[in-house]
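# Per-entry structural report
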Amino acid sequence: MAKNRFIWSFFNWKISVQIPFLLFACFALIVCSSLAYWQWQRAQLADALYHDYQTQESRPESALSASPEAYQKVTFSGQVKNHYFLDNRTFQGQNGWHVLAEVQTKKFLVLVNLGWQHKQKKLVLQMPLPSFIEVQGLIKKPQTGFMLQEAELDPKWPKLMQQIDIPLLNKRIENELSPFVLYAENQVGQLIPAPIKIENKYYMHIGYAIQWLLIGLAGIISFIVFSRKEYKENERKEKELVN
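As a starting point, this report considers the structure included with it.

Thresholds applied
Residues numbered from 1 in each chain as written. Predicted model: local features only at pLDDT ≥ 70, side-chain atom pairs only at ≥ 80, totals over all residues. Heavy atoms only, no water. Helix = DSSP H or I, 4+ residues; strand = E, 2+ residues; numbered from the N terminus. Contact = heavy atoms within 4.5 Å. Core = buried A, V, L, I, M, F, W, Y, C linked by side-chain atoms within 4.5 Å. Buried < 20%, exposed > 50% of the residue type's maximum accessible area, 1.4 Å probe, protein only. Pairing = 2+ DSSP bridges. Salt bridge = Lys/Arg side-chain N within 4 Å of Asp/Glu carboxyl O.

## Section: the environment of Val 99
Within the secondary structure, Val 99 is located in strand β5 (residues 94-104). Once residues lying within four places of it in the same chain are set aside, the contact partners of Val 99 are Tyr 84, Phe 85, Val 112, Asn 113, Leu 114, Gly 115, Gln 117, Leu 125, Leu 129 and Leu 191.

## A few points about unusual backbone geometry
The omega torsion of the bond from Trp 157 to Pro 158 falls at 5 degrees, within 30 degrees of zero and hence cis. Mapped onto the secondary structure, Pro 158 falls in the loop between β7 (132-140) and β8 (160-161). For Tyr 71, which is not glycine, the phi dihedral falls at a positive 65 degrees. Following the sequence through the fold, Tyr 71 ends up in the loop between β3 (62-63) and β4 (73-91).

## Thoughts on the nonpolar core
Counting 24 residues, the largest nonpolar core has Leu 64, Phe 76, Val 112, Leu 114, Leu 129 and Val 135 as the members making the most contacts within it. Of all the secondary-structure elements, those providing two or more residues to this core are β4, β5, β6 (109-118), β7 and β9 (181-184). Leave out the neighbours within four places in its chain, and Val 112 touches Phe 76, Val 99, Leu 100, Ala 101, Val 103, Val 135, Leu 182 and Ala 184. Ranked by size, the runner-up nonpolar core spans 20 residues in total, among them Leu 86, Leu 100, Ile 164 and Ile 173.

## A few points about the pairing of β9
Both faces of the sheet carry side chains from a regular strand, because those side chains alternate between them. Side chains of β9 alternate between two faces, with Val 181 and Tyr 183 and Leu 182 and Ala 184 buried alike. Note: β6 against β9, 3 bridges, orientation parallel. Among the inter-strand pairings, Asn 113 is bridged to a residue of β9, identified as Tyr 183. When β7 meets β9, the two strands line up antiparallel, connected through 4 bridges. Among the inter-strand pairings, Lys 140 is bridged to a residue of β9, identified as Val 181.

## Quick word on the pattern of salt bridges
On inspection of all chains with the given rule, the structure shows 2 salt bridges. Here Arg 59 makes a salt bridge to Glu 69, at a shortest N to O gap of 3.7 Å. One end of the pair, Arg 59, is in the loop between α1 (19-58) and β3; the other, Glu 69, is in the loop between β3 and β4, and 10 residues separate them in sequence. Under the relative-accessibility criterion, Arg 59 is labelled partly exposed at 40%. The partner of Asp 87 in a salt bridge is Lys 119, with the nearest N and O atoms 3.4 Å apart. One end of the pair, Asp 87, is in strand β4; the other, Lys 119, is in the loop between β6 and β7, with 32 residues separating them in the sequence. Note on Lys 119: relative accessible area 37%, which makes it partly exposed.

See below:
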């Protein structure tokens, strides 16, 4: 056995294994396996979400409750109390904003995504919103993502948001918003509705999982081939020294 190298034998089939290379191969295999499992988990989640979406979409509209189900189809009317803009939203390749309105119903204060409008030079609506609206659409609880800086540090927040963070918004306003957003499917004013549309990404994530497994398998094969070639080369050199 040479320094940092040893021989593995499989039914008289031998390979020369370098310890650093072995450690790297094991690490790469663990990473690929972990990523494959992560994509498999995402596939299961995507399939479950899509199933919930299809189930709710097929059901008739219902009245708004305090704890609606994800993607539940509801309808309600109420008074528009305030509005905000959600930045970096596109429609047919054009950059713009989504208009979010605080709508006060008889029981709840709800944030409603009314749809898309062109980005303006100032934070203003293209057309004023009605004081009282009736909307129908699907319910979704917003998920916050990673931000480079805290939203409160932006001088335009909360009038202009990069993402919907209802708990954070509730710290700024007087009344508490319900912990979900209604995505309106009917048109309000000149705004273009931005309803929820979900595609089943199950097979996409399964494809990624298989891809990571194949990368890991390719790594194992490369490790074996390289180690086998090294063993043969070392064996040849040893025979030359003996002769």
